[in-house]
Structures are given as C-alpha cells and as structure tokens.
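Examination of the molecular architecture
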Amino acid sequence: MAEVRSNKNNKKTAILLATYNGSRYLKEQIDSLLAQTFHDWVLYVHDDGSTDNTLEILYQYAAKHDNIIILEYDSKHGAKDNFFSLMEHVESDYYFFCDQDDVWHPEKMQFFLQKMQKTEAEHTELSVIVYSDATVVDEELHTISPSFFSQAGIYPEFITNFNECGATAFIPGCAMAFNQAAKKSMVRPYHQAQMHDEWLTLSVFKARGIVTRIDGCYVCYRQHQDNAVGAADKNMLNITYRLTHLRSILQSNILHYQTLRAIGYGSLLKYLHYKIRYKVNIIKKRRKDKI
C-alpha cells in the first residue's frame, strides 16, 4: 500500500492516473497538474500495458518530480479496473481521479479541497464527494460545449439522494474529488460496476454521504475517437433518436439498473418511478425557464 505524503495540514492528497496508450495527450495533462496552485499532492500512475511511448513519458516526468510515482503491478485490462486498482494501492485523505487526455484548470485542486474541507467541517466523518461541471473540448482543446451537463442534458439538482440515482449516472470522474470516508464506503465486490466513478458515487449516496457541487468548470474534458467514455449529447434525448436507437437505450437502462441493484437499490418499479419523476422535473424546469 502506497502512502501519500502529508501537506501542512497533515492531510494527504493523491491524484490517481490510469493510463493506456495515452502518449498523444499525456504531457498536456501532467503539465496541467504541475501548474496547479495547490502543490502538495502526489500523482500515482498505473499503466495498463501501453504499446506506445506512454511509459517512457511517465518515467521522464517521474525522474524530474519526486511527487510522481509509477506503480508497477499486473495490467488490469480496462480503465474501470485500472482505477479500482489504484484505489486499492493508495491510501490518502483526499483523492482525485485523473484521465490521461484531459487538461485541468490551475485552481481546480485548490478550490475542490477548500470545498471538501468546509463540507467535512459541517458533516464530520461522513463520506464526501465534491464535483463540478466540465468544459467539453475537442482534440485541440477547442470548446464544443461550455457545460458537460448542458451538453449531456443532465440536471444534477434533481439527483440528491440514492433513490434519485435511478435517473442517470451524472458525475464524470475527471470532475470529482472524494475523501477517505467515501473510499471506505465503496460497496464491494465491485465486479458489477460499469465504471469506477459511477460506482463510487452510488456507494456514497447509499451510505447517506454528501455529494456537493462547486460552481464553475475546472476540467477541459477532451473528446476524441479513443475515449473510454465520452460526453453524451442532449440531441440524443429527442424522440427521433430514441426511436432509432431504442435497443441500445434499453440496454443502457438495463445496465444502469443492474448496477443500482448490485448496490442494493431495490425493485424495478422503484427505478421506473424515480426515472419518470426525474423526467417530469426536467419538463417543469424547462417550462419555468421559458416564462
């Protein structure tokens, strides 16, 4: 188990980076970490068997920066399990998931940790996730959408407890931070998880923890053909799209419900009830916004 060094408040902060053939964008991401206004962190990286020069880049950075550590163990064969393995190998007070192809705004860690510590002071010993919106960008970091939530047609204000998680998975890992209590609350085993960030969020909600949003966007969420998971488009919500892609949409909903059920969500009727309620809330909000 790797121990992360402490900052001046005796709180340790770990960045967990899972890599696989990420050489094209990796330098930009690591440079954005090194440019953070909060400096007292350790980056832990595990590579999942890259065949490009990802490892060469990582070792070059690690040789220059003692807070970049490469963990060497067997490949996990996928982003989800790679991130889960990093969580198992690293002990810290606070954690950030880090995708190999994004770029972080300089103030991201500073603002997230300020929000985290304020929330912990108000809710002692509870699991806490802090999250934000993200800017959706293309391969060259040109803005596709100033808001991931808007782009995907997601309304986080209507997902505030475990029951309401029946609506959708809504927090991308690149835009969240979480504390040690959140990690400990994670339901195990997690072989039925679709993705690490969704599983963690659902587990924290199940444990009646705090999932709190910070205003603004602090990540450039890069979209390209090799994304493990990309940003959805709200155009996918229209009737024509739904009818054309009915099978894939049904399959996606089945997988989401199976994930919820594995964490102890309950009946299919309950799932459908909260799914419908979420849609009704969206319709009401849109009507109100037009007034």
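Residues numbered from 1 in each chain as written. Predicted model: local features only at pLDDT ≥ 70, side-chain atom pairs only at ≥ 80, totals over all residues. Heavy atoms only, no water.

Counting secondary structure elements, the protein contains 10 helices and 11 strands. Expressed as a percentage of the 291 residues in the protein, the buried residues total 50%. Summarising the internal contacts of the protein: among those between residues at least 6 apart in sequence, 77% fall at separations of at least 24. Looking at the protein as shown, the accessible area adds up to about 14400 Å², and 51% of this sits on carbon and sulfur atoms. (Helix = DSSP H or I, 4+ residues; strand = E, 2+ residues; numbered from the N terminus. Buried < 20%, exposed > 50% of the residue type's maximum accessible area, 1.4 Å probe, protein only. Contact = heavy atoms within 4.5 Å. Areas by Shrake-Rupley, 256 points an atom, 1.4 Å probe, with all protein chains shown as cover.)

One way to see where empty space is left: roll a probe the size of a water molecule over the atoms. Inspection of the entire model under this criterion finds one cavity of 30 Å³ or more. Together, Cys165, Thr168, Ala169, Phe170, Ile171, Glu198, Thr201, Leu202, Phe205 and His256 line the largest cavity. Considering every element that reaches the lining of the largest cavity, the biggest residue donor is helix 7 (residues 196-206), with four residues. Along the lines of polarity and charge, the residues of the lining of the largest cavity split into six nonpolar, three polar and one charged. (1 Å grid on protein atoms, 1.4 Å probe; cavity = no way out; pocket = protein on both sides within 12 Å on 5 of 7 lines; lining within 4 Å. Points joined across faces, edges and corners; volume = space filled by probe spheres on them. Nonpolar A, V, L, I, M, F, W, Y, C, P; charged D, E, K, R; others polar.)

As for its placement among the helices and strands, histidine 256 is situated in helix 9 (residues 246-262). The exposure class assigned to histidine 256 is buried, which follows from its relative accessible area of 9%. Every residue in contact with histidine 256, bar those within four places of it in the chain, is listed here: Cys165, Gly166, Ala167, Thr168, Ala169, Glu198 and Tyr271.

Okay, the nonpolar core next. By size, the foremost hydrophobic cluster in this structure holds 81 residues, and its most contacted members are Ile15, Leu16, Phe178 and Leu200. With residues up to four places along the chain from it excluded, the contact list for leucine 200 reads Met87, Phe97, Ile129, Met176, Phe178, Ala182, Lys183 and Met186. (Core = buried A, V, L, I, M, F, W, Y, C linked by side-chain atoms within 4.5 Å.)

Okay, a positive patch on the surface next. On the surface, Lys279, Arg286, Arg287 and Lys290 cluster together into a patch of positive charge. On the secondary structure map, arginine 286 appears in helix 10 (residues 268-290). (Patch = residues over 30% accessible without salt bridge, like charges linked within 9 Å, V, L, I, M, F, W, Y side chains within 5 Å. Salt bridge = Lys/Arg side-chain N within 4 Å of Asp/Glu carboxyl O. Lys, Arg positive; Asp, Glu negative; His and termini not counted. Charge placed at Lys NZ, Arg CZ, Asp CG, Glu CD.)

Turning our attention to the packing of helix 3 (residues 79-89) against helix 7. Between helix 3 and helix 7, the shortest axis-to-axis distance is 8 Å and the interhelical angle comes to 55 degrees. On the basis of their axis angle, the class for helix 3 and helix 7 is oblique. Residues Ala79, Lys80, Phe83, Phe84 and Met87 of helix 3 form the contact with helix 7, whose own contacting residues are His196, Trp199 and Leu200. The residue inventory of the contact of helix 3 with helix 7, partitioned by class, reads six nonpolar, one polar and one charged. (Axes fitted to C-alpha atoms, helices over the stretch in contact; angles between N-to-C directions. Parallel < 35°, antiparallel > 145°, perpendicular 65-115°, else oblique.)

Residues three or four positions apart in an α-helix share a direction because the helix packs 3.6 residues into each turn. Taken as a whole, helix 2 (residues 54-64) has its buried residues at Thr54, Ile57, Leu58 and Tyr61. Angularly, the buried residues of helix 2 cover 100 degrees about the axis, an arc narrow enough to put them on a single face. Tucked inside the fold, the buried residues of helix 2 contact strand 2 (13-19), helix 1 (23-34), strand 3 (42-47) and strand 4 (68-70). (Arc of directions from axis to C-beta.)

A complete count under the given rule lists seven salt bridges for this structure. The shortest N-O distance in the salt bridge between glutamate 139 and arginine 24 comes to 2.9 Å. Taken as a pair, glutamate 139 in the loop between strand 8 (128-137) and strand 9 (143-145) and arginine 24 in helix 1 lie far apart in primary sequence, 115 residues in all. Looking at glutamate 139, the relative accessible area reads 25%, which means it is partly exposed.

Turning next to helix 1. Spanning 12 residues, helix 1 covers 17 Å between terminal C-alpha atoms, matching the ideal 16 Å at 1.5 Å per step. Taken together, the buried positions of helix 1 are occupied by Tyr25, Leu26, Gln29, Ile30, Ser32 and Leu33. When helix 1 is viewed along its axis, its buried side chains cluster within an angular range of 155 degrees and face the same direction. (Expected span 1.5 Å × (residues − 1).)

Taken across its six residues, strand 6 (residues 94-99) has five buried, putting it largely inside the fold. Note: strand 2 against strand 6, six bridges, orientation parallel. Looking at strand 6, one finds that threonine 13 is bridged to tyrosine 94. Of the strand pairs in this sheet, strand 6 and strand 10 (residues 176-179) are connected by three bridges, and their pairing is antiparallel. Counted as the bridge partner of tyrosine 95 is phenylalanine 178 from strand 10. (Pairing = 2+ DSSP bridges.)

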